[in-house]
Amino acid sequence: MSVAAPTMTAGRAGPNSGTRIGIGFVVLLPALLALAWSYLLPTVQALGRSTTRDRMVGPSESVGAANYEALFTRGFLGDMGSALLLALVPLALALLVAPVLALLADRAGRPARLALRALVVLPVAGYAPVALLIGWRLDRVEPGTMLDRPLATLVEFTAVTGAGLVVAIATTAFLGTLRGRPHRRDALPAALTVAGLLMLGIIAVTLQTFTATLMTGNSRTPVAHVVTQSLQRMDLGGGSAAAVLLLIPLALLGLAATVLLLLTKARIEVVDEAVTHREHPEGVVSKSGPVAESAPVTESTGNRQARIGLAVAGAIVFAVMLWVAWPWLTRSLRFTTEIPPMPAPDLSSMLTATWLPTLLSAVVTVAVAAAAGFAIGGLRPLGRFSELLLLPFAPWLFVGTGPLAIESYLRARDFDQLNTFLGLVPPGWVSIPALFLFTVLFRGLEPRWRAGGGFGRAMLAPAAPMILLVGLVTWLVTAAQVLWPMLVASTPMNRPAPLEAIMMFARWGRATDEFALGAVLPLPMILIFLVAFGWLQVRYLDRLAVRVGR
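The text that follows walks through the structure, step by step, so that each part is easy to find. (Residues numbered from 1 in each chain as written. Predicted model: local features only at pLDDT ≥ 70, side-chain atom pairs only at ≥ 80, totals over all residues. Heavy atoms only, no water.)

**Describing the overall build of the protein**
Applicable threshold: Numbering goes from the N terminus for both helices and strands, where a helix is a DSSP run of H or I of at least four residues and a strand is a run of E of at least two. Categorising residues by exposure relies on relative accessible area from a 1.4 Å probe, with only protein chains included: less than 20% of the type maximum marks a residue as buried, more than 50% marks it as exposed, and the intermediate range marks it as partly exposed. Values of accessible area rely on a 1.4 Å probe in the Shrake-Rupley scheme; residue burial ignores everything except the protein chains shown.
Looking only at helices and strands, one finds 21 helices and four strands in the protein. A burial count over the protein gives 55% of its 550 residues as buried. For the protein, the accessible area works out to roughly 23,600 Å², and carbon and sulfur atoms hold 68% of it.

Here is the structure:
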């Protein structure tokens with residue numbers, strides 16, 4: 001049931017200006033508090049600690065810029081430059097392969113488009129970087145290769161773990177730029193905006209690579225240096241200095257993405273299911289928003305050449321995904337690895353540590369982000385300047401666990417949360433990327449509410465599936481990470497399955513060809529994610545359109 005439309009005020013439906021400002025800032029407050037606790041305060045602490053000599057025991061002493069000078073001498077900036085090479089394959093997939101797939105699918109007609117959407121669900125539902133890498137190392141990497149070409153191997157491992165997810169996200173985004181357009185050329189500004197955001201995000205993520213680094217033993221990457229310098233070499237000051245140097249480019253990338261969103265006025269709108277392109281535009285009135293339901297342009301049957309091209313491209317993509325995942329899939333039905341005299345880890349404890357703390361984190365962080373996105377994009381307390389409220393979050397838009405991991409670890413230690421359930425909960429209390437996404441979504445939905453649509457029908461109903469989608473993706477991706485559990489879970493009974501799999505592989509290596517990987521991402525979980533993501537792609541995401549400009 002839709003909520004009744006609010007009273008009109010000065011030609012606008014919804015709360016009046018004073019109410020919007022008051023409610024908006026109240027709803028935004030949890031995200032601001034989470035930002036201060038999870039990001040701002042640890043950043044300030046890392047900055048202060050970076051100018052000290054702190055060995056974790058005894059008092060610290062000020063050393064000025066000595067830690068930074070040591071990093072420059074060691075070649076830390078060069079290591080960050082080398083880390084940028086890890087982005088080459090993901091960038092090629094996101095900026096070359098994904099747009100071609102999206103354009104072919106859009107030209108091929110609705111059935112082909114939905115088939116492509118179903119295809120890109122597979123690598124998302126099966127996102128298990130640890131399982132992929134262990135299987136890849138067992139079957140695809142010769143012994144000694146990582147020592148002979150460490151950087152090339154790291155590029156290879158990064159591509160293996162992230163290729164499917166990158167193609168899925170980028171293809172979905174580019175399909176959104178084409179939805180509901182009278183002419184495909186009208187999608188170019190939105191497509192360029194999406195391309196810019198993807199480029200900035202991919203560079204930021206690859207700068208924070210850790211799982212692939214852990215599997216190769218290559219410590220010359222930024223996050224690996226932060227961790228090893230701080231905890232293995234007992235040099236918190238040096239590790240904090242590395243974290244600060246890493247935070248600088250990440251902050252610049254986040255600010256650049258925010259400015260791009262502000263300048264382009266990017267938003268997500270809902271279009272009618274049947275709306276597509278019209279090849280003969282006579283009599284069609286172009287509109288800036290979604291095509292009106294009163295004058296829809298019906299789905300075309302598609303282009304034969306495009307269908308053939310998409311079929312070939314889709315077959316290649318599927319074959320590559322299957323080839324990459326095959327070493328994991330052949331081991332995915334075994335849940336324990338009995339290697340005498342070591343007993344197998346307790347399966348129930350591993351699964352609990354993997355999925356319950358991360359579920360709690362996903363629920364909280366996405367809920368806080370959704371509330372903040374509604375405050376900024378839906379209630380719009382500052383009117384047309386409301387998106388400026390994104391600026392306080394911008395420097396940490398692309399900051400993951402890695403750069404602030406040591407400060408978060410010290411906080412968990414001080415609160416006596418190591419080797420506990422609460423300790424396994426990832427340290428961030430708001431998902432800033434989700435906050436930006438929800439802001440863009442509510443910004444696109446807000447005109448319907450302003451025009452007099454009920455809150456439930458105009459805002460809540462279109463946003464609820466997105467909240468579910470973002471929550472599920474956040475849960476899945478967070479459960480697959482190993483950095484935070486590695487810091488806070490030192491006993492086997494507290495280790496999540498991905499971390500335990502890495503520990504077992506590090507201990508026994510190629511001692512068994514039947515290495516158990518089924519616990520990393522169990523088949524029931526894959527099926528749950530597959531059904532949920534498939535339904536959301538076909539029934540929900542296919543109705544969303546990415547728009548820029550007024």
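**Points about the packing of aromatic side chains**
Which entries qualify depends on this criterion: Two aromatic rings, drawn from Phe, Tyr or Trp (for Trp, its six-membered ring), form a pair once their centres lie within 6.5 Å of each other, and the interplanar angle then sorts them: stacked below 30 degrees, edge-to-face above 60, tilted otherwise. By definition, being over a ring means that NZ of Lys or CZ of Arg is both within 6 Å of the ring centre and within 35 degrees of the ring normal.
Counting across every chain of the model gives nine aromatic pairs. With a centroid separation of 6.2 Å and an interplanar angle of 35°, the aromatic rings of Phe 374 and Trp 449 are classed as tilted. Of the two residues, Phe 374 is situated in helix α14 (residues 347–379) and Trp 449 in helix α17 (residues 432–450); the sequence distance between them amounts to 75 residues. Here Phe 374 falls in the buried class, since its relative accessible area comes to 15%. Both rings, one in Phe 374 and one in Phe 455, keep their centres 5.6 Å apart while their planes meet at 75°; by these two values the pair is edge-to-face. On the criterion of sequence distance, the pair formed by Phe 374 in helix α14 and Phe 455 in helix α18 (residues 455–479) is long-range, its members being 81 residues apart. Grouping aromatic residues by their ring pairs yields a cluster made of Trp 355, Trp 475, Phe 529 and Phe 533. When the ring centre of Trp 37 is taken as origin, the NZ or CZ atom of Arg 411, which lies over that ring, is 3.7 Å away.

**Here's the deal with unusual backbone geometry**
Although it is not a glycine, Arg 380 adopts a positive phi angle of roughly 50°. Along the chain, Arg 380 falls in the loop between α14 and α15 (405–414). The exposure class assigned to Arg 380 is buried, which follows from its relative accessible area of 6%. Of note, the phi angle at Asp 416 is positive, near 55°, even though the residue is not glycine. Note that Asp 416 resides in the loop between α15 and α16 (421–424).

**Some points on the side chain of Ser 408**
The line we're drawing: Only heavy atoms matter for contacts: two residues are in contact if any of them lie within 4.5 Å across the pair.
Mapped onto the fold, Ser 408 is located in helix α15. Once residues lying within four places of it in the same chain are set aside, the contact partners of Ser 408 are Pro 427 and Trp 484.

**Regarding the layout of surface pockets**
Heads up, the condition is: The pocket and cavity definitions rest on a 1 Å grid over protein atoms only: a 1.4 Å probe that fits but cannot leave marks a cavity, an open set with protein on both sides within 12 Å along at least five of seven lines marks a pocket, and residues lining either have an atom within 4 Å of a point. Grid points are joined across faces, edges and corners, and a volume is the space filled by probe spheres set on the points. The nonpolar class holds Ala, Val, Leu, Ile, Met, Phe, Trp, Tyr, Cys and Pro. Asp, Glu, Lys and Arg form the charged class, and all remaining residues, Gly among them, are polar.
Here the largest pocket defines a volume of roughly 840 Å³. Around the largest pocket, the lining comprises 38 residues; the ones closest to its centre are Leu 122, Pro 123, Met 321, Leu 322 and Ala 325. Where the lining of the largest pocket is concerned, the elements lending two or more residues are α4 (88–108), α5 (110–125), α6 (129–140), α8 (150–178), α13 (304–329) and α21 (523–539). No other element matches α13, which puts 11 residues into the lining of the largest pocket. Class assignment for the residues of the lining of the largest pocket results in 34 nonpolar, four polar and no charged. Of the volumes computed, that of the second largest pocket is approximately 650 Å³. Considering the residues around the second largest pocket, the lining is formed by 27 residues, among which Lys 265, Arg 380, Arg 384, Glu 387 and Arg 443 are closest to the centre. Looking at the lining of the second largest pocket, the elements with two or more residues in it are α12 (236–264), β3 (267–270) and α17. Looking at which element gives the most residues to the lining of the second largest pocket, the answer is α17, with eight residues. Along the lines of polarity and charge, the residues of the lining of the second largest pocket split into nine nonpolar, five polar and 13 charged.

**Focus on α17**
We apply this condition: Working rule for helices: expected span equals 1.5 Å times residues minus one. Note on bend: the value at a residue is the angle between axes fitted to the seven residues ending there and to the seven starting there.
Helix length check: α17 (19 residues) gives 26 Å between terminal C-alpha atoms against 27 Å at 1.5 Å per residue, within 8%. By the largest-angle criterion, Gly 444 marks the main kink of α17, which is about 30°, and a proline, Pro 447, follows within four residues. Downstream of α17 by a residue or two, Gly 452 has a phi angle that is positive, lying close to 115°.

**Some remarks on the pattern of salt bridges**
Note the following rule: For this analysis, a salt bridge means a side-chain nitrogen from Lys or Arg found within 4 Å of a carboxyl oxygen belonging to Asp or Glu.
With the rule as written, the count across this model stands at 17 salt bridges. In this structure, Glu 269 and Arg 267 form a salt bridge, with 2.8 Å as the shortest nitrogen-oxygen distance. Each member of the pair Glu 269 and Arg 267 is classed as buried. When salt bridges with common partners are traced through the structure, they connect Arg 380, Glu 387, Arg 443, Glu 446 and Arg 450 into a single cluster.

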